[in-house]
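# Structural overview for review
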Amino acid sequence: MDYVIIDLEHGPNSVQSVQNLIRGAQVAGLMPIVRVKESCSSVMGEVLDIGAGGIQVPQVERERKLRQ
């Protein structure tokens, strides 16, 4: 495996609790990809700040605008 997806959309995890999962993935040599709950730039920024290697955004629609 090259990566792992850490799910924030369907589970009890918060941005703060995901940090340890990100660290674990990095130690195992995996790219941590975090699936966020919504397309909110502040949440995506937080997740990237704590070490996520990428973000998976749910429910993307063609004409939907990013919420601030």
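Residues numbered from 1 in each chain as written. Predicted model: local features only at pLDDT ≥ 70, side-chain atom pairs only at ≥ 80, totals over all residues. Heavy atoms only, no water.

### Details of the sheet that holds strand E3 (residues 54-56)
Selection rule: Between any two strands, pairing holds if DSSP finds at least two bridges. A run of H or I in DSSP becomes a helix once it reaches four residues, and a run of E becomes a strand once it reaches two; helices and strands are each numbered from the N terminus. Interaxial angles span 0 to 180 degrees and are taken between N-to-C directions of axes, which are lines fitted to C-alpha atoms, for helices over the stretch in contact. In this description, contact between two residues means that some pair of their heavy atoms is separated by no more than 4.5 Å.
One open sheet accounts for three strands, arranged E1-E2-E3; its pairing is parallel. The two strands at the open ends of the sheet, each matched to only one other strand, are strand E1 (3-7) and E3. For this sheet, the mean inter-axis angle between neighbouring strands, taken without regard to orientation, is 30 degrees. Of the strands in this sheet, E1 and strand E2 (31-35) touch helix H1 (residues 15-27), which is tilted by about 150 degrees from E2.

### Description of a nonpolar patch on the surface
Rule in force here: Patches here: salt-bridge-free residues with over 30% relative accessible area, like charges joined within 9 Å, nonpolar side chains (Val, Leu, Ile, Met, Phe, Trp, Tyr) joined within 5 Å. Computed with the Shrake-Rupley method and a 1.4 Å probe, the accessible areas treat only the protein chains shown as cover for residues. Salt bridges are counted wherever a side-chain nitrogen of Lys or Arg sits within 4 Å of a carboxyl oxygen of Asp or Glu. Three exposure classes are used, based on accessible area relative to the maximum for each residue type with a 1.4 Å probe and protein chains only: buried under 20%, partly exposed in between, and exposed over 50%.
A cluster of nonpolar side chains, contributed by Tyr3, Ile5 and Met31, occupies part of the molecular surface with about 290 Å² of accessible area. When you line up the elements, Ile5 lands in strand E1. Among the residues examined, Ile5 registers a relative accessible area of 41% and is labelled partly exposed.

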